[in-house]
Amino acid sequence: MRGGVPLGRAGLALLLMAAGAGARPRPAARGDQPRSSVVLVACDSLDGRLTFFPGNQTVDLPSINFMKKQGTIFLNAYTNSPICCPSRAAMWSGLFTHLTESWNNFKGLDPDYVTWMDLMEKHGYTTQKFGKLDYTSGHHSVSNRVEAWTRDVDFLLRQEGRPMVKLRGDRKQVRVMEADWRNTDKAVNWIKEEAVNLTQPFVLYLGLNLPHPYPSPYAGENFGSSTFLTSPYWLEKVNYEAIKIPKWSSLSEMHPVDYYSSYTKNCTGEFTKEEVRNIRAFYYAMCAETDAMLGEIISALRGTGLLGKTIIIFTADHGELAMEHRQFYKMSMYEGSSHIPLLVMGPGVREQQQILNAVSLVDIYPTMLDIARIPVPQNLSGYSLIPLLREKAGSKVSPRQHRPPWVLSEFHGCNVNSSVYMLRAGKWKYIAYSDGSSVLPQLFDLTADPDELTNVAIKFPVIVHSLDKILLSLVNYPKVSFSVQEYNKQQFISWKQSLGHNYSRIIANLRWHQDWLKDQKKYENAIEKWL
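Residues numbered from 1 in each chain as written. Predicted model: local features only at pLDDT ≥ 70, side-chain atom pairs only at ≥ 80, totals over all residues. Heavy atoms only, no water.

Residues and numbers for the confidence of the model for the chain, please.
When pLDDT is averaged along the chain, the result is 91, and 90% of the positions lie at 70 or above. Note that residues 393-401 has pLDDT below 50 and, in this model, 10 contacts with residues that lie over four places away or in other chains. (pLDDT = per-residue confidence, 0-100. Contact = heavy atoms within 4.5 Å.)

Can you tell me about helix α18 (residues 520-530), naming the residues and giving the values?
Inspection of α18 places Tyr523, Glu524, Ala526, Ile527 and Trp530 among the buried residues, and these make up the whole buried set. When α18 is viewed along its axis, its buried side chains cluster within an angular range of 155 degrees and face the same direction. Among the exposed residues of α18, those oriented more than 90 degrees off its buried face are Lys521 and Lys529. Against α6 (142-149), α15 (477-499), α16 (503-508) and α17 (513-516) lie the buried residues of α18. (Buried < 20%, exposed > 50% of the residue type's maximum accessible area, 1.4 Å probe, protein only. Helix = DSSP H or I, 4+ residues; strand = E, 2+ residues; numbered from the N terminus. Arc of directions from axis to C-beta.)

Describe helix α10 (residues 273-303), and please don't skip the residues or the numbers.
Here α10 is 31 residues long and its end C-alpha atoms lie 45 Å apart, about the 45 Å a rise of 1.5 Å per residue gives. When you tally the buried positions in α10, you get 22 out of 31 residues, the bulk of the element. (Expected span 1.5 Å × (residues − 1).)

Outline the pattern of salt bridges, supporting the account with residue identities and numerical values.
Oppositely charged side chains can form a pair if their charged atoms are brought close together. Within this structure, the stated rule accounts for 19 salt bridges. Ionic pairing is found between Lys132 and Asp44, a salt bridge with its closest N-O pair at 2.6 Å. Residue Lys132 is found in the loop between β3 (126-131) and α6, and its partner Asp44 is found in the loop between β1 (37-43) and α2 (62-70); the two are separated by 88 residues along the sequence. For the residue pair Lys132 and Asp44, the accessibility class agrees, reading buried in each case. Ionic pairing is found between Asp185 and Arg175, a salt bridge with its closest N-O pair at 2.7 Å. In this pair, Asp185 is assigned in helix α7 (residues 178-193) and Arg175 in the loop between β4 (164-167) and α7, connecting sequence segments 10 residues apart. Here the salt bridges share partners, and the residues they tie into one network are Asp44, Arg88, Lys132 and Asp317. (Salt bridge = Lys/Arg side-chain N within 4 Å of Asp/Glu carboxyl O.)

Hey, could you go over the side chain of Gln353 for me, with residue numbers and the actual values?
Its place among the elements puts Gln353 in strand β9 (residues 353-360). Here the side chain of Gln353 touches Arg350 through a polar contact of 3.5 Å, side chain to side chain. (Polar contact = N/O pair within 3.5 Å; in protein donor to acceptor, adjacent residues only side chain to side chain.)

Residues and numbers for the sheet that holds strand β5 (residues 202-207), please.
As summarised here, the arrangement of the seven strands in space is β3-β5-β1-β7-β8-β2-β9, forming an open sheet in which the pairing is mixed. Among the strands making up the open sheet, the edge pair consists of β3 and β9. Each strand of the sheet is rotated relative to its neighbour by a mean of 15 degrees, with strand direction disregarded. As paired elements, strand β2 (residues 72-78) and β9 share six bridges and run parallel to each other. Residue pairing for β9: Asn76 is matched across the bridge by Ala358. Strand contacts of α2: β2, β7 (310-316) and β8 (342-345), with the helix running at about 55 degrees to β8, the strand carrying the most contacts. Running over the sheet, α10 touches β1, β5 and β7 and is turned about 170 degrees from β1. (Pairing = 2+ DSSP bridges. Axes fitted to C-alpha atoms, helices over the stretch in contact; angles between N-to-C directions.)

Describe the packing of aromatic side chains, listing the residues and the values that go with them.
Applying the stated rule across the entire model yields 23 aromatic pairs. Taking the centre distance of 5.5 Å and the plane angle of 75 degrees together, the rings of Trp190 and Phe202 count as edge-to-face. Residue Trp190 is located in helix α7, and its partner Phe202 is located in strand β5; the two are separated by 12 residues in the primary sequence. Both residues of the pair, Trp190 and Phe202, count as buried. The interplanar angle of 90 degrees and the centroid separation of 6.4 Å between the aromatic rings of Phe228 and Tyr283 together place this pair among those described as edge-to-face. Here Phe228 is found in strand β6 (residues 227-230), whereas its partner Tyr283 is found in helix α10, with 55 residues between them in sequence. According to the relative accessible area criterion, Tyr283 is buried, its value standing at 1%. These aromatic residues form a ring-pair network of at least three members: Phe228, Tyr283, Tyr284, Phe328 and Tyr329. Over the aromatic face of Tyr329 sits the side chain of Lys330, whose NZ or CZ is 4.2 Å from the ring centroid. Across from the ring centre of Tyr503, 4.8 Å away, lies the NZ or CZ of Lys496, which sits over that ring. (Phe/Tyr/Trp six-rings, centres within 6.5 Å; stacked < 30°, edge-to-face > 60°. Lys NZ or Arg CZ within 6 Å of the ring centre and 35° of its normal.)

Printed below as a string of structure tokens:
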């Protein structure tokens, strides 16, 4: 394995030096070799730990295993914001969330933002996109944005349906998530009919909605997606014996932000071990279906003779907790939510390589430009992955001299009643909240405590201080948290004024309607007090 050494106190001085380093090397010239084509497959909500041991023992993922054998896997890849739109805004812009100001699922990039795909097209690449994009402003439900805007209001309401499972079809039903399969078919046909005839390189993007949970109409018209749905065909790919039942803290011992998340996600009730095991099994089956779509793309490239000329990248916007820490969905800095898959194969990429360096979605932008031999702007938050992918065994110059040994993730959206900032550095994961003082931070030693059950922030104050110093050098997080609070309040006031006399009726019938309608006046008064 290559890459990071567990970071102790001695390594923190190096981290502090790296935090201020802005310059980056220009990519090495690669002669007159033709530029590679690129295919990026980005799914939604796939826990990156399922792509390597021991997580990969729970479900059969042959396409991911093929990529591991033929290419490189990143063992410590993270989202820059564990929710759909902000994470994708980071991937398409190469910038951290506090720079894009993509605070929630409603607020992303401007539609005319220049992405890496735009630059590649400008520099001679043929470009094509299919499926889920979700990186610009103005999408997702009214509930989603109102829940984010009102997270500082002094009330606690369930905003999701209780997580549940649903079996569809029989052992012959392969295509469960039909919309994803249609988009996969479009991408396959484009490879076979268009890409094969191109004289210039191409970049193809396929966005999948799986393994994101499905909508839960049983809970009311405006409820979110809390149903883990699959067919017996995919469920048979899951090894039930390998499914780990996560340990939970008691509700009284939970971190206050975790308690808010668990409550709003409707997870504070009683769950049997069988229920939890089924939710996790159905989720893993959904991951197996996702893997099959990736396999269709690989097969199409192989069948057209393009596989050896094309770099394939597989990743996700964020993970899925699947009942770890008494939560489902994402919106958390725990590993299930923030750790993403990242695999790369193709020309010049080392085979069967496992990289320990911490990387994140903002690295996609400079990597794409590096592949296309386009100069990489100096203002990006990310760093090209190409030096890591092509690093030769025994190389004297390590790219880690340039790439900082940490990654940053942040969250400002719904189901969490505080802005959250995460720094992953070596074996440490540091999580800061709000202004840094009103909510206690968390520190986890991922080597000793991979399940993140023991917050050791009080035990290691020097580590906390040092990591917080790095975090503050990257983002003035108390100031950003205050800006988000002001944004939320202003957005809510504008929305409320736009509704006029319909305000009371509409706010009562959002995703929290089952709780809200029990005491409508109480919750409206809480909002007025906040305003």
